[in-house]
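Reading the structure
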Amino acid sequence: MDATPTTRNGLRPMRFLVACGAVMTLTACAGGIDGTGAQTDTRSAGTTTTMTDTAAGGRSLSAPDALSPLGEPTTDPVESDGYPGTGEPALLTDVRVAGQETFDRVVLEFADQVPGYRVQYVEPPITADGSGRTVEIPGEAYLQITAQPASGVDLSGDQPRPTYDGPARIDPPYGEVITEAVRTGDFEGVLTWTVGLEEQLPYGVVTLQDPPRLVVDVRHQADGGDGGSGEGIEPVGPGATDDVSADGSGEPVLVTDVRLGAHDGFDRIVFEVAGEGEAGWQAGYVQDPTAQGSGEPIDVAGDATLEITLTNVALPGDAPEGVQPWDQQERLAIRDGQVIEELIVDGLFEGRYAFYAGLTGQLPFAVERFEDPQRIVVDVQTERPEDVVLSETCTSPAGFSVGYPSDWAVNSGETVPSCSRFAPANFNVPEATGARIAATAFSIEPVAFDRVTQERPGEMSREQLTVDGRDAVRIERETQDGLYPAGTPITSYAIPLEDGESGPRTLVADTVGLPAFDYQRNVAVLDAQVESLDLDAEPEG
């Protein structure tokens, strides 16, 4: 399922790379015994910072130190003895939220004592104490922390005196499973904070002194996060590099949030929308990203660019009452991203909201829609597919046999010789056309090997190798002109064969990186197929 503030498959909230120069250390989740920072500045919602000098006298930006989670992990309600407590309200002075290596932590700090408390999972809708209004919190599960008697305002004097003047909504630095912590109540001595989570996970609760604190640690894994057998968050699909799309329907929807997160084995982008209709999407790799409308080129970091366009999207000005449109950013990034270097926002144009993800390479991705709230989730995997298994074999009338995956189709031989075109789905080879239909292709060309392997414009790499005892060449290049668009990647093999009746012959095998194909997967299949070649096979029949 999904995975930044909203899914049991693990959405983590987006964290921006903030340019701080060299003036402060982000130790909000490392400093102090509670692991969220002892002296914090919480004036800016969603961040907490601590000023820390280095040994050399300068200052640097550093990740949190590793800590161990506190408390006995459980998903059942946890409350203090004698809850709710009695007496004067405990005065809240600070709230800190931050991620650690194996858990995320929430700390409520009080002036003199820790009040009675109850921590439990609750079902949406989340409502504010007193008013009863619905409070929107991103997440798939909701952990509520109630302290009583407690308040963030001292009412003992002639005038109310706020003791907690920090933000009412906190987005955790380094957060892995906590999407946001939100104050949902400070009414008649009952103080409530509700924590949005990507999924319902075990948590532990402890109290600490000097100063008095209530600490809640949410594990990153269902086994408690201590290295057991928890499976953690999974991607929404197996992934491929082919273009994918889905149609929107109904009334246009409003984009309300965009979040990025890094997980074990993949990075995730989540687009949250609101409305009665459904958003559609188009996603695929592009070589030259351009802006909608103007056609101006867009500079995107990385070695590959994944274009993601949401369709059936309404303008922010058409937002229904009570729905807050997303506060659009020009560039988003993940602090611990593995493959996503940045997400560039092109903008909304005629119902299409375009984004460009700069990646470390053209990697498999998957897209899925989730509900309550509606989210479009894009997972980009950090690794290419596992080794190709060729469990089927066919023999060409030209005198060679080759393996192919069991879930792939092979041509029948009606238009071109059989056992020469392969693809992961059924296909027909049309007559008299140069259209590329198959993922991989093998053909016997009546051309000398030296001529086939002459260097051509756009060549990027060349490898000398041996195939079934014969010298061969593997070439990677990008087209400059001709049948395919300029810049199209092609991986090809050339293998010399014995001369035929009409002269020299060369076996050519290749795959082409057209948008309709999963080029990286097809290259892996082609490499395995060439290794499987038997160039002395007897033709069947």
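Residues numbered from 1 in each chain as written. Predicted model: local features only at pLDDT ≥ 70, side-chain atom pairs only at ≥ 80, totals over all residues. Heavy atoms only, no water.

What about the sheet that holds strand E13 (residues 213-219)?
The pairing of strands in a sheet happens through backbone hydrogen bonds and is either parallel or antiparallel. The strand order across the open sheet built from five strands is E6-E2-E3-E13-E12, with neighbouring strands paired in mixed fashion. With partners counted over all chains shown, the strands left at the sheet margins are strand E6 (150-151) and strand E12 (203-208), one partner each. Pairing between strand E2 (residues 90-99) and strand E3 (residues 103-110): seven bridges, direction antiparallel. The residue of E3 that forms the bridge with Gly-99 is Asp-104. (Pairing = 2+ DSSP bridges. Helix = DSSP H or I, 4+ residues; strand = E, 2+ residues; numbered from the N terminus.)

Overview of the state of the cysteines
Summed over the entire model, instances satisfying the criterion amount to one disulfide. Each sulfur in the disulfide pair Cys-394 and Cys-419 lies 1.9 Å from the other. Here the disulfide of Cys-394 and Cys-419 is right-handed, its torsion about the S-S bond being about 75 degrees. Residue Cys-394 is found in strand E24 (residues 392-395), and its partner Cys-419 is found in the loop between strand E26 (409-410) and strand E27 (421-423); the two are separated by 25 residues along the sequence. For Cys-394, a relative accessible area of 11% gives the class buried. The exposure class of Cys-419 is buried, given its relative accessible area of 2%. (Disulfide = S-S within 2.5 Å. Buried < 20%, exposed > 50% of the residue type's maximum accessible area, 1.4 Å probe, protein only.)

So, the sheet that holds strand E28 (residues 440-445)
Strand order in this open sheet of seven strands is E26-E27-E28-E32-E31-E30-E29, and the pairing throughout is antiparallel. Edge positions in the sheet fall to E26 and strand E29 (459-467), since each of these pairs with one other strand and no more. In this structure, E26 lies alongside E27, joined through two bridges in antiparallel fashion. Pairing of Ala-409 across the sheet is with Ala-423, part of E27. Contacts from helix H2 (residues 519-532) reach E27, E28, E29, strand E30 (470-478), strand E31 (489-500) and strand E32 (503-512), with the element oriented near 20 degrees to E31. (Contact = heavy atoms within 4.5 Å. Axes fitted to C-alpha atoms, helices over the stretch in contact; angles between N-to-C directions.)

Quick look at the nonpolar core
By size, the foremost hydrophobic cluster in this structure holds 34 residues, and its most contacted members are Val-258, Ile-269, Phe-271, Leu-306, Leu-310, Phe-355 and Val-380. Not counting the four nearest positions on each side in its chain, Val-380 is found in contact with Gly-265, Phe-266, Asp-267, Leu-306, Val-339, Ile-340, Leu-359, Leu-363, Pro-364 and Phe-365. Counting residues in each nonpolar core, the second largest holds 31 residues, with Ala-90, Ala-150, Ala-181 and Leu-191 among its members. (Core = buried A, V, L, I, M, F, W, Y, C linked by side-chain atoms within 4.5 Å.)

Remarks on unusual backbone geometry
Note that the residue after Pro-124, namely Pro-125, is joined by a cis bond; omega there is 5 degrees. You can see Pro-125 is positioned in the loop between strand E4 (116-122) and strand E5 (141-148). Between Gln-148 and the following residue, Pro-149, the backbone shows a cis peptide bond with an omega angle of -5 degrees. A positive phi angle is found at Asn-312, which is not glycine, with a value near 60 degrees. The backbone phi angle of Asp-468 is positive, close to 50 degrees, even though this residue is not glycine. Mapping Asp-468 onto the fold places it in the loop between E29 and E30.

What to know about the environment of Gln-120
Turning to its location among the elements, Gln-120 is positioned in strand E4. Along the backbone, Gln-120 and Ile-145 are 25 residues apart, and their C-alpha atoms lie at a distance of 6.9 Å. Apart from residues no more than four positions distant in its own chain, Gln-120 is found in contact with Pro-77, Tyr-142, Leu-143, Gln-144 and Tyr-203. At 3.3 Å, the side chain of Gln-120 forms a polar contact with the side chain of Arg-118. (Polar contact = N/O pair within 3.5 Å; in protein donor to acceptor, adjacent residues only side chain to side chain.)

Quick word on the pattern of salt bridges
Applying the stated criterion across every chain, the model contains 20 salt bridges. The shortest N-O distance in the salt bridge between Glu-272 and Arg-259 comes to 2.7 Å. Taken together, the residues span a long stretch of sequence, with Glu-272 in strand E16 (residues 266-274) and Arg-259 in strand E15 (residues 254-263) at a distance of 13 residues. Exposure class is identical for Glu-272 and Arg-259. Each is buried. Here Asp-510 makes a salt bridge to Arg-436, at a shortest N to O gap of 2.9 Å. Here Asp-510 is found in strand E32, whereas its partner Arg-436 is found in the loop between E27 and E28, with 74 residues between them in sequence. Here Asp-510 falls in the buried class, since its relative accessible area comes to 18%. Take Arg-436: its relative accessible area is 18%, and that puts it in the buried class. One salt-bridge network, in which partners are shared between bridges, spans Asp-94, Arg-96 and Glu-109. (Salt bridge = Lys/Arg side-chain N within 4 Å of Asp/Glu carboxyl O.)

By themselves, these are just geometric observations and shouldn't be taken as functional.
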